[in-house]
Structure formats: structure tokens, C-alpha cells
Amino acid sequence: MLLSVLGLLALWLVWRWYREGKEVDNKGQKYVYITGCDTGFGNLLAKHLDRLGFRVIAGCYTEKGEDELKKSASDKLSTVQLDVSDSASVGRATDLIKALVGPQGLWAVVNNAGISVPSAPADWLTIEDFKPMLAVNLCGVIDVTLSVLPLIKMARGRVVNVASVFGRISPFGGPYCVSKYGVEAFNDSLRVNMKPFGVKVACIEPGFFRTNVTDIVILKSSVRKLWDRLPQEVKDDYGPNFLELSLVQLEQRCGQFIDGDLMKVVGCMEHAISALHPRTRYSPGWDAKFFWLPLSYMPTCFSDRVVSPCLTWTCAVAVASLAAVVWYVRDASVVEAFHQKRVFITGCDSGFGNLLAGQLDRRGFHVIAACLTEKGAADLAAAASPRLKTLLMDVTDGASIRRAAEFVSGEVGEQGEPGVAGGLWGLVNNAGRSVPIGPLDWMQLEDFQKVLDVNLTGVIHVTLQFLPLLKKGQGRVVNVASILGRLSIIGGGYCLSKYGVEAFSDSLRRNMQPFGLKVSIIEPGFFKTNVTRLDLIEADLRRLWSRLPEGVRHSYGPAYFDDYVRAQAFSMGILSSPDLSKVTWCMEHALTARYPRTRYSAGWDAKLLWIPLSYLPSFVSDFFVRLLLPSP
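Values in this document were obtained by computation on a predicted structure and should not be read as measured data.

### Details of the overall build of the protein chain
Phase 1: Assigned secondary structure in the protein chain consists of 24 helices and 14 strands.
Phase 2: Seen along its three principal axes, the alpha-carbon backbone of the protein chain occupies a region of about 75 × 60 × 60 Å.
Phase 3: In the protein chain, buried positions account for 57% of the 632 residues.
Phase 4: A separation of at least 24 residues holds for 73% of the contacts in the protein chain among residues at least 6 apart in sequence.
Phase 5: Of the charged side chains in the protein chain, 68 are positive and 61 negative, and the gap between their average positions amounts to 5 Å.

Laid out in C-alpha cells, this is it:
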């Protein structure tokens, strides 16, 4: 039996080697657009493809970068000054590309531009630290891709997105991992959306390589600046030696992992562009293949111990015997004195948030429920005890969040927990929206931003604002992600935002563990809430369809819209559960258990369908997703 399996494996490896060795023809007539070509991977790739005969269009951030690249390349290579965080700059670059490529279209776009600082524990940062990196690493990728997607479809070409192995596992705080998780989600949904049009989408997931992104001088300088601006009480939390120890450890780890051979990454990029049958994912670097990727498939309790700076590998070895019994007893243990604990919940007008507020109120908690509308706040207050208090808050409005934090600070300051001055026990980031969703080439950047502002930036902003109160209370953060934070099956900003919530939650959990603050992620399947209301989704889809250029609508066919709506209604009808208590029970357990889980997957579809599917190879999950939706 073993020999048969080994024989089949050998045959598969030979078949894959043969299949992947085939290359496309006429490279000299194919245009490739690369972002971030001033230095690093982008610069090396531009020169490499130019030598292979491709017509390279290199996007550089600076004039100096353009000039130096032109000097070392042939006359066929063109450059364009590009800031991927500026839509006007992206638009100008697209106009130039249209003029260059003409009716044959653009063969490939390589989204390579990116930045890595600031990166630090979450409570060192503000929402303003997250925004610039998300604008470059995530929104820039989306904006550039959407701007040239019609040209890529004309050529039946390639989209190559440079994510990172930290789009799979989030070992440190800051926006970098959040942005790369988002790139993974965008990449997966784009790959599924574009397959019927012959467009292939590949994701590059490098480990540590010696580029500006991993420049130890830049990283250490950024960490020092963040430390210097911290309030003294936060510095005291970490201790006087934390900064120096962290910088030493940062230098040691970079020395252990960093690889100087950038061609390992460039070779993957080239294969994704020139191979007749490119892979869906490439993981260059020994650390990516043998350390980070295997670690990303491990249980969270194991990966947390491995990436923690305070624990050694030996601490990660678990005793297998009696594990189930110990887990059950531990999971059932609850905290005491609910009546002394205050919990702040966002998105309480309806759905999970509304149900959870009433549920915790009946358990004796002091609930502070944030609602978007006055009617939602009034209806909830009328159905609850006098303990429950409501306030109006918009998670996309910084001033609104600050007012809410001041109100909550006053509440917990008056009657904090004994021995914990002014501590907040729980924060539940539940507010969210789903639309617009649909095929990615129906979207504009603003459609993504609407969802990201609520589901991702809102979660980060609220959490950072309330983090000092939560640390004082040694409490809980409960972030509502989705099973679509594991598997990207629909286009639009929803999956991207939930991938980002997963990354933010993982890094926050690891950052806050030394302070006794626990972080849990709720990953519901499909439930009947406003997020899955078919009338709202269909109305927005109709809006997207009606504004599409005639050429795009023609490429999908006249019956596609109606087929898409019917398929979506059928899937939702089968999958959506009306029992919202399955989700609120998970939220309650995360707040009341002495040892809450790091992840809760609510719903039969989450446990039995989506999570197993998320661990399978991409071609399997892609095939299943294509069964759910019609082809153009």
C-alpha cells in the first residue's frame, strides 16, 4: 500500500514538473506592468523580464528610481512614476499603459509595491499608523488591479499579487499582517471571478528576504520612535528593559531568517508570468516552506507559543493523553461576579449585537450597547433592564468613537471592578456590513473602501481607543470576523475585511497575552441577519450591474445577472440559519469562560463545510466555489 502511494506521488511530481515547464509564446509582444520598481523584488524583476524579451512597464515611486532603472535596461523597458496610494497617479499610469499596449491588451500586472513600518505591539499604535500601510499594501493593490483589469481580460493574461507568508500567520502587531491577509483574500476572490475569462491569478508569499521591507536599521528606528511617543503608563506596563530586549531579539531573528537571494522570489514571479500553467501560490524561501507555512496550519495554541518571545520550543510540546478531558473541564470553567463586569458591544441595532446585549443583560452584566440609530437604541433600552445603557456610535467616525470611549470611561470609572480601577471587562466588535459584494470587475475602489471602513478600520479604531480600559480590567476583546475570513468566496470588500480582522486579532492576542488580556475571534457561517438580507444584496447588485460599461456586461452575457441572483438566493436559502443564538452563545462563552477559546466557529456550514474547505488545496476550493455561482 505504501509503495502504491509513493508511486502515485512520484507520478504526480513528474506530471507537475512537465506541466509547469511549458511556457507562453511571443514574449516580445507581451506587456508586463510592475509596481514598486525602485528597489528590491520589483527592480530585479523588471530587469530580468526585460532581458527575457518582455515589454516591461515599470512603476517607480521616485524619478531617481526611474532614471537608474532605465540606465540598466534596454530601450524596450518603459517607466512611469507611480504612487499606488494615490488614485490620480494610478489613473495617469493606466492611461499611459492603454496607449502603449493598444488593442492587444496587457499580459500581466505584478502588484509588488509595499511598505513594512510601523510594526509594533497594537497598544503602541493609533489608527493613523494603520491607514498609510493599508493604503499602499491593500488598497493600492486593489486600485491598480481594477484600473488595468479590462486590459488584462483583453489579453487573457495574468495578475500576480505579492502578499507575504505573513498573509497566512500574524506573528507581530501593526498593519503589515492585516494588509497581507487582505491581499490573500482579494487574490483568492479575484482568481475565482476571473477564471471564466481566461485570466490567471497567482499569489507570491515570500518569507524573509533582504530588501527595504526588512531593513533592520529602518525597523529598529521605527520601533524606537513608537516607544518614545508612548505614554509613561504604557512603558511601565512593558518594563524598562523591554525596548532594548526587543531590538536585540529583532536583530537576532532577522539574522536567522533573512535570505539575500532575491532571485528565489523573482523566479516565482517570472514563472507566474511566463508559464503556460502557473501555480496559484508560490512560497519562496526556506523559512516560508519549512517554518511559517506549516506553522500557519497548526492549532492556534501551538503557533502562539512558537512565535511568543517568552517561550521556547519545548513549551509547545503538549501532552496528548487526557487532552480532551482537560480541555472540557477547562472550557467549562467560568469567571465570577458578572454583576461587577461591564461589556461594550458595537452594532446593537439588530442581529447578533442586539441579541447579545439582551442575553448578557439577563446574565447580570452591565451592558453598554452602541447603536447606529436612535430608534435602535430606544428599542433595545425598552426591552432590557435599567442596567443596560445605550449610546449612539458610528464606527467610521473617529469623533464618535472618542465620545463613546469617554462615556464608557466615565461608567467604569464610577464603579470599576474591585481591585481594578476603571477597568472594562469586555469589548465586542460586532458592527459590520456586507454590500457591495459581487464580481470584482463590477467594483470600484470606493466600493471596497465602504466595507473596509466599517468591518476592518472600524474594528481597529474602536479596539485601540478602548485598549487602555481593557488592559486595566484584564478583560476580553471579542472580534466578529466570519468564516469568509478563512475562505474568500465572493468579490468585494467583505472577505478582505474579514481576513484583515483575523490578522489584527491574531497579532493583538499575541501582543496582549503578557497583560492578561484575552482576544477571541467569532467566525460565523451564514445566518439570517441584515448582512445576508437578499433584498439588500440584490438591490446593490442591480446598482453595480446598471453602471457597468457595455463591454463588461457583454462579456458576462445578458442572462448572467438573473442567474447570479437566483444562484445566490438558492445558496443562501440552504446555508443561512435563523438561530442567531448559536453565534451569541459563542460570544457569551468568550466573555464568561475563565479560559475562552481563541476561535469560535458557529453554524453547521462553518464547522462541516467552510473550515475543512479552507484547508484544502486552492484548486479544490475554487472548484467548489464555481459550483455555487454561474459562469459568464
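### Quick word on unusual backbone geometry
Phase 1: At the junction of Val-117 and Pro-118, the peptide bond is cis and its omega measures out at 10 degrees in the coordinates.
Phase 2: If you trace the backbone, Pro-118 turns up in the loop between strand S4 (108–111) and helix H5 (127–155).
Phase 3: The omega torsion of the bond from Val-435 to Pro-436 falls at 5 degrees, within 30 degrees of zero and hence cis.
Phase 4: Within the element layout of this structure, Pro-436 appears in the loop between strand S11 (426–429) and helix H17 (445–473).
Phase 5: Phi at Asn-26 is positive, roughly 55 degrees, even though this residue is not glycine.
Phase 6: On the secondary structure map, Asn-26 appears in the loop between helix H1 (2–20) and strand S1 (31–34).

### As for the domain arrangement of the protein chain
Phase 1: Each domain of the protein chain was delimited in the assignment, giving domain 1 (21–213 + 260–307) and domain 2 (334–525 + 578–628).
Phase 2: Each of domain 1 and domain 2 has a C-alpha centre, and these two points are 31 Å apart.
Phase 3: Listed per partner, the contact involves 45 residues of domain 1 and 42 residues of domain 2.
Phase 4: Taking both sides of the interface into account, the surface hidden between domain 1 and domain 2 amounts to around 3400 Å²; carbon and sulfur atoms contribute 66%.
Phase 5: Broken down residue by residue, the surface that domain 1 buries against domain 2 is led by Asp-123, Ile-127 and Tyr-181, which jointly contribute 16%.
Phase 6: Here domain 1 is connected to domain 2 by 3 salt bridges.
Phase 7: Among the elements of the structure, H5, helix H6 (175–194) and helix H12 (300–307) are those that each provide at least two residues to the side of domain 1 that touches domain 2.
Phase 8: Taken together, the residues that form the side of domain 1 that touches domain 2 break down as 25 nonpolar, 10 polar and 10 charged.

### So, the side chain of Ser-147
Phase 1: Mapped onto the elements, Ser-147 comes out in helix H5.
Phase 2: There is a polar contact of 2.6 Å between the side chain of Ser-147 and the backbone oxygen of Val-144.
Phase 3: Residues in contact with Ser-147, not counting those within four places in the same chain, are Val-90 and Thr-94.

### Let's talk about the confidence of the model for the protein chain
Phase 1: For the protein chain, the mean per-residue pLDDT works out to 90, and 94% of the residues sit at or above 70.
Phase 2: Note on residues 309–321: pLDDT is under 50 here. Beyond four places in sequence and across chains, it has 10 contacts.
Phase 3: Note on residues 415–421: pLDDT is under 50 here. Beyond four places in sequence and across chains, it has 11 contacts.

### Quick notes on empty space enclosed by the protein
Phase 1: Under the definition given, this model contains 1 cavity of 30 Å³ or more.
Phase 2: One number sums up the size of the largest cavity: a volume of about 150 Å³.
Phase 3: In terms of lining, the largest cavity is formed by 14 residues, of which the most central are Val-192, Asn-193, Tyr-560, Leu-629 and Pro-630.
Phase 4: Elements with a contribution of two residues or more to the lining of the largest cavity: H6, helix H21 (560–575) and helix H24 (618–628).
Phase 5: Residue classes in the lining of the largest cavity are distributed as 10 nonpolar, 3 polar and 1 charged.
Phase 6: Each of domain 1 (21–213 + 260–307) and domain 2 (334–525 + 578–628) contributes no fewer than three residues to the lining of the largest cavity.

### Details of the sheet that holds S11
Phase 1: Across the sheet, 7 strands lie side by side as S10-S9-S8-S11-S12-S13-S14; this open sheet has parallel pairing. Edge positions in the sheet fall to strand S10 (389–392) and strand S14 (599–600), since each has one partner strand and no second.
Phase 2: Two elements, strand S8 (residues 342–345) and S11, share 3 bridges in a ladder whose sense is parallel. The partner of Phe-344 across the bridge, within S11, is Leu-427.
Phase 3: Along the sheet, helix H14 (residues 351–363) contacts S8, strand S9 (366–371) and S11; its crossing angle with S8, the most-contacted strand, is approximately 170 degrees.
Phase 4: Lying over the sheet, helix H15 (residues 374–382) contacts S9 and S10, oriented at roughly 180 degrees with respect to S10.

### A closer look at the environment of Ser-555
Phase 1: The topology assignment puts Ser-555 in helix H20 (residues 550–556).
Phase 2: Taking the C-alpha atoms as reference, Ser-555 lies 9.7 Å from Lys-153; in sequence the two are 402 residues apart.
Phase 3: Among residues more than four places away in sequence, those in contact with Ser-555 are Lys-153, Phe-197 and Pro-632.
Phase 4: Side-chain polar atoms of Ser-555 contact the backbone oxygen of Val-552, separated by 2.6 Å.

### Here we look at helix H22 (residues 581–592)
Phase 1: For H22, which comprises 12 residues, the first-to-last C-alpha distance of 15 Å matches the rise-based estimate of 16 Å (1.5 Å per residue) to within 8%.
Phase 2: The buried fraction of H22 is high, at 9 of 12 residues.
Phase 3: All of the buried residues along H22 are Val-583, Thr-584, Cys-586, Met-587, Glu-588, His-589, Ala-590, Leu-591 and Thr-592.

Reading guide: rules and limits
- Residues numbered from 1 in each chain as written.
- Predicted model: local features only at pLDDT ≥ 70, side-chain atom pairs only at ≥ 80, totals over all residues.
- Heavy atoms only, no water.
- Helix = DSSP H or I, 4+ residues; strand = E, 2+ residues; numbered from the N terminus.
- Buried < 20%, exposed > 50% of the residue type's maximum accessible area, 1.4 Å probe, protein only.
- Contact = heavy atoms within 4.5 Å.
- Lys, Arg positive; Asp, Glu negative; His and termini not counted.
- Charge placed at Lys NZ, Arg CZ, Asp CG, Glu CD.
- Domains from an automatic or database assignment.
- Buried area = accessible area lost by both parts, 1.4 Å probe.
- Salt bridge = Lys/Arg side-chain N within 4 Å of Asp/Glu carboxyl O.
- Nonpolar A, V, L, I, M, F, W, Y, C, P; charged D, E, K, R; others polar.
- Polar contact = N/O pair within 3.5 Å; in protein donor to acceptor, adjacent residues only side chain to side chain.
- pLDDT = per-residue confidence, 0-100.
- 1 Å grid on protein atoms, 1.4 Å probe; cavity = no way out; pocket = protein on both sides within 12 Å on 5 of 7 lines; lining within 4 Å.
- Points joined across faces, edges and corners; volume = space filled by probe spheres on them.
- Pairing = 2+ DSSP bridges.
- Axes fitted to C-alpha atoms, helices over the stretch in contact; angles between N-to-C directions.
- Expected span 1.5 Å × (residues − 1).

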